[in-house]
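Overview (structure and organization)
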Amino acid sequence: MSLVYHPYHLVDPSPWPFVGASGAFLFTSGAVILFHYNDYRLALTGLFLIIITASAWWRDVIREGTHQGHHTQVVVRGLKLGMLLFILSEVCLFLAFFWAFFHSSLAPSVELGSVWPPLGIEALDPFAVPLLNTTILLSSGATVTWAHHAIIGGPAPISAPKGTQGSEGPLPSNGATTSSSLLSTPNDQRAPTFLGTDFRTNAVIGLLMTVLLGIIFTGLQAFEYKEASFAISDSVYGSTFFMLTGTHGLHVLVGTTFLIVCFIRLLSNQFTNSHHLGLEAAIWYWHFVDVVWLFLYVFVYWWGS
Amino acid sequence: MSEEKEKIVLKTAPFDNRFPNTNQTKNCWQNYVDYQRCIKAKGEDFEACQYFKRIYRIMCPNHWVEQWDEQVENGTFAGRI
Amino acid sequence: MKDFIKNVYCSLIRDANEPWQLGFQDAGSPVMEEIIMLHDQILFILTIIVGVVLWLIIRILLGNNYYSYYWNKLDGSLIEVIWTLIPAFILILIAFPSLRLLYIMDECGFSANITIKVTGHQWYWSYSYEDYGEKNIEFDSYMIPTADLELGDLRLLEVDNRLILPVDTNVRVLITAADVLHSWTVPSLAVKMDAVPGRINETGFLIKRPGIFYGQCSEICGANHSFMPIVVESVSLSKYIDWIGREDL
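From a predicted model like this one, the values you see are computed outputs, not experimental measurements. (Residues numbered from 1 in each chain as written. Chains lettered and ligands numbered in written order. Predicted model: local features only at pLDDT ≥ 70, side-chain atom pairs only at ≥ 80, totals over all residues. Heavy atoms only, no water.)

Observations regarding the packing of aromatic side chains
Residues and elements named next belong to chain A. Evaluation of the coordinates by the stated rule reveals 41 aromatic pairs over all chains. Judged by centre distance (5.9 Å) and plane angle (65°), the ring pair of Phe-94 and Phe-288 falls under edge-to-face. Here Phe-94, found in helix α3 (residues 73–106), pairs with Phe-288, found in helix α7 (residues 277–303); they are 194 residues apart in sequence, far enough to count as distant. Among the residues examined, Phe-288 registers a relative accessible area of 8% and is labelled buried. Here Phe-101 and Phe-102 contribute two aromatic rings whose centre-to-centre distance is 5.3 Å and whose plane-to-plane angle is 65°, an arrangement assigned as edge-to-face. (Phe/Tyr/Trp six-rings, centres within 6.5 Å; stacked < 30°, edge-to-face > 60°. Helix = DSSP H or I, 4+ residues; strand = E, 2+ residues; numbered from the N terminus. Buried < 20%, exposed > 50% of the residue type's maximum accessible area, 1.4 Å probe, protein only.)

Remarks on the pattern of salt bridges
Residue and element names in this part refer to chain C. Summed over the entire model, instances satisfying the criterion amount to 15 salt bridges over all chains. Here Glu-158 makes a salt bridge to Arg-14, at a shortest N to O gap of 2.5 Å. You can see Glu-158 sitting in the loop between β4 (137–141) and β5 (163–166) and its partner Arg-14 sitting in strand β1 (residues 14–15), a full 144 residues away along the chain. On the basis of relative accessible area, Arg-14 is assigned to the buried category, the value being 13%. For Glu-233, the salt bridge is made with Arg-162, and the minimal N-O distance between the two is 3.1 Å. Residue Glu-233 is found in strand β11 (residues 229–235), and its partner Arg-162 is found in the loop between β4 and β5; the two are separated by 71 residues along the sequence. Salt bridges sharing partners connect three or more residues here, namely Arg-14, Asp-153, Glu-158, Arg-162 and Glu-233. (Salt bridge = Lys/Arg side-chain N within 4 Å of Asp/Glu carboxyl O.)

Brief notes about the state of the cysteines
Residues and elements named next belong to chain B. This model, assessed by the stated rule, comprises two disulfides over all chains. Linked covalently through their sulfurs, Cys-28 and Cys-60 form a disulfide whose S-S length is 2.1 Å. Between Cys-28 and Cys-60, the S-S dihedral sits near 105°, and the bridge is therefore right-handed. With a gap of 32 residues between them, Cys-28 in helix α2 (residues 25–42) and Cys-60 in the loop between α3 (49–59) and α4 (62–74) connect regions that are remote in the sequence. Pair check on accessibility: Cys-28 and Cys-60 agree, each one buried. A disulfide bridge connects Cys-38 with Cys-49, and the sulfur atoms are separated by 1.9 Å. (Disulfide = S-S within 2.5 Å.)

Structural notes on the sheet that holds β1 of chain C
Residues and elements named next belong to chain C. Taken together, four strands build an open sheet; the order of strands is β1-β10-β11-β5 and the sheet is mixed. Two strands close off the open sheet at either side, each with one partner strand: β1 and β5. Along the sheet, helix α5 (residues 237–245) makes contact with β5 and β11, crossing β5 at roughly 135°. (Pairing = 2+ DSSP bridges. Contact = heavy atoms within 4.5 Å. Axes fitted to C-alpha atoms, helices over the stretch in contact; angles between N-to-C directions.)

Remarks on helix α6 (residues 235–267) of chain A
Each α-helix turn comprises 3.6 residues. Residues three or four places apart therefore point the same way. Residues and elements named next belong to chain A. Between its terminal C-alpha atoms α6 stretches 47 Å, which fits the 48 Å expected from 33 residues at 1.5 Å a residue. You can read the cap of α6 off the contacts: a side-chain oxygen lies 3.1 Å from the backbone nitrogen of Tyr-237, and it is on Ser-235. Immediately downstream of α6, the backbone of Asn-269 shows phi near 60°, a positive value. (Expected span 1.5 Å × (residues − 1). Polar contact = N/O pair within 3.5 Å; in protein donor to acceptor, adjacent residues only side chain to side chain.)

Some thoughts on the domain arrangement of chain A
Split by domain assignment, chain A resolves into domain 1 (1–70) and domain 2 (86–153 + 197–304). Measuring from the centre of the C-alpha atoms in domain 1 of chain A to the corresponding centre in domain 2 of chain A gives 25 Å. (Domains from an automatic or database assignment.)

Comments concerning the interface of chain C and chain B
Each partner contributes residues to the interface: chain C has 35 residues there, and chain B has 27 residues. Taken together, the two surfaces of chain C and chain B that pack against each other cover about 2,600 Å², and 55% of this comes from carbon and sulfur. Taken together, the links from chain C to chain B amount to one salt bridge. Notably, a salt bridge pairs Arg-57 of chain B with Glu-130 of chain C, separated by 2.8 Å at the nearest N-O pair. Where chain C meets chain B, there are 13 residue pairs in polar contact (both at pLDDT 80 or more). Secondary structure elements with two or more residues in the side of chain C that touches chain B: β2 (114–121), β6 (170–177), β9 (201–206) and α5 of chain C. (Buried area = accessible area lost by both parts, 1.4 Å probe.)

Considering the pairing of β2 of chain C
Walk down a regular strand and you will see the side chains alternate between the two sheet faces. Residues and elements named next belong to chain C. Taken across its eight residues, β2 has eight buried, putting it largely inside the fold. The alternating pattern of β2 places Ile-114, Ile-116, Val-118 and Gly-120 and Thr-115, Lys-117, Thr-119 and His-121 on opposite faces, both of which are buried. Two elements, β2 and β6, share seven bridges in a ladder whose sense is parallel. Within the sheet, the bridge partner assigned to Lys-117 lies in β6 and is Leu-174. Alignment of β2 against strand β3 (residues 124–129), held across six bridges, turns out to be antiparallel. Bridged to Thr-119 within β3 is Ser-126. In this structure, the hairpin formed by β2 and β3 is closed by a connection of two residues.

This is how it looks when you write it as structure tokens:
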């Protein structure tokens, strides 16, 4: 590894942009074929390539960041900005769907009888499962904060002895540690505790609960979909409802997966108190999904029924 | 012929403040629904209901009215009467 | 000779588009007069601008001042102020009459004496008059095929049933479509209104003079989009009332 004199991470050549783009192309054209000819093979191929790309690319990012120490403070700042802009673009996506919803519901067209929900639509009771789901998501926001604080309060990265590879170069302290930080109890300080147990156990429990709450939420939503008396083709009500809640559900799945990855990384001791960008991004994303749900609950489930 | 001529009055649906825009869909709709509500409450022969009927006949495309009449008859009309 | 005269006469009295036409058709309604007026106003300003700018360009490019003041000028606050304020002033000069006209056009259907309903179909228009109590006038208006035209008729513009309207009367037009998008257009009357399924669009006009006004569907609506023309025939009020009273309608 040659010495670099700048804090930036110049990435190596990688097949993933090409494979990912091919997957996206095959998935979209495959979706057309699926809708028109009910043949799912091309769509599945595309989806498979996208999943392969996502897994392998992020595996590479973890290797670069955690194991090779490429994620300097400057790089971390850039990645954070990137994540924020990504979430902003997601906000725009949901804004568009909410726009469609308000356009259709604030002045319902005469074909709907000028009423919302339209005649014949039996809207879901907002104070049953949706309210439960609201509390579940809000609790998951709390548990993920618990996990986050346990990690922040946890042990600092063990600085590698001088002369070893990890601390070489002009890189600022960046938490480029190998798997040694959280598992071992440092000798020079008291074992950190929180709620009676050590920080690591707290982080593990908090994150595990978050993931479980996310899964329960998805299960309850699936149950609601199954129980709903209307479908996506039942007027603009069904279209906007399932478009909004479906896109949100998809984001819950992505957020849960993201948190599961973070959970596995936590078990493998990849997070330190100062460097846990992946978890931080996952938490931001989870909070974003949470906020979208609050809007969904208030406007679509509650006001919209 | 001349008798026929005397019957014709150049009078049409007046401007309705509730619908000042180019889009007059709800103007037609509201008068149709009002007529249905009126005859439900007062009966088909009630004189005042005829006003709504006249307005919606002027404002609504004929194929809409035919469709809605059919729906009202079958009890599948989307509006609340 | 008689045929020739009839041909020329017919093309003269009809308000339709003509080959290689660049300008507007003659106005048939006050709003159209205003539109032409605004257009001429803007074109007047435009001529001055184009003239001045061309003159400046030619002067600077071809003048004997190649190495003079203008070529070496890097900035100048005075000229910046001048060429910001003058265009702004000109734009205001255009904006006000334009907005005024926009509001006039918007209020066309407000004080109507007659309401007609126009429905676009693939590929014909249908008209209906419901103002006159139990008498319900409703008819379709198809284009006359080229083979059936008579001498003096306009190809692809004549219809079998014209929309009959009286002169000097405020007419409200309610436009919708039964299948796909269409657009009901009569250039001489300054009307171009989209016909949208599930929606009623209101517009209006006042026809100033008796005449026959031609237009064509202006929203691509399928294979025969070019073959669903619009013909409005304006007649005197008494003739209109006679027509309304006809037994066969």
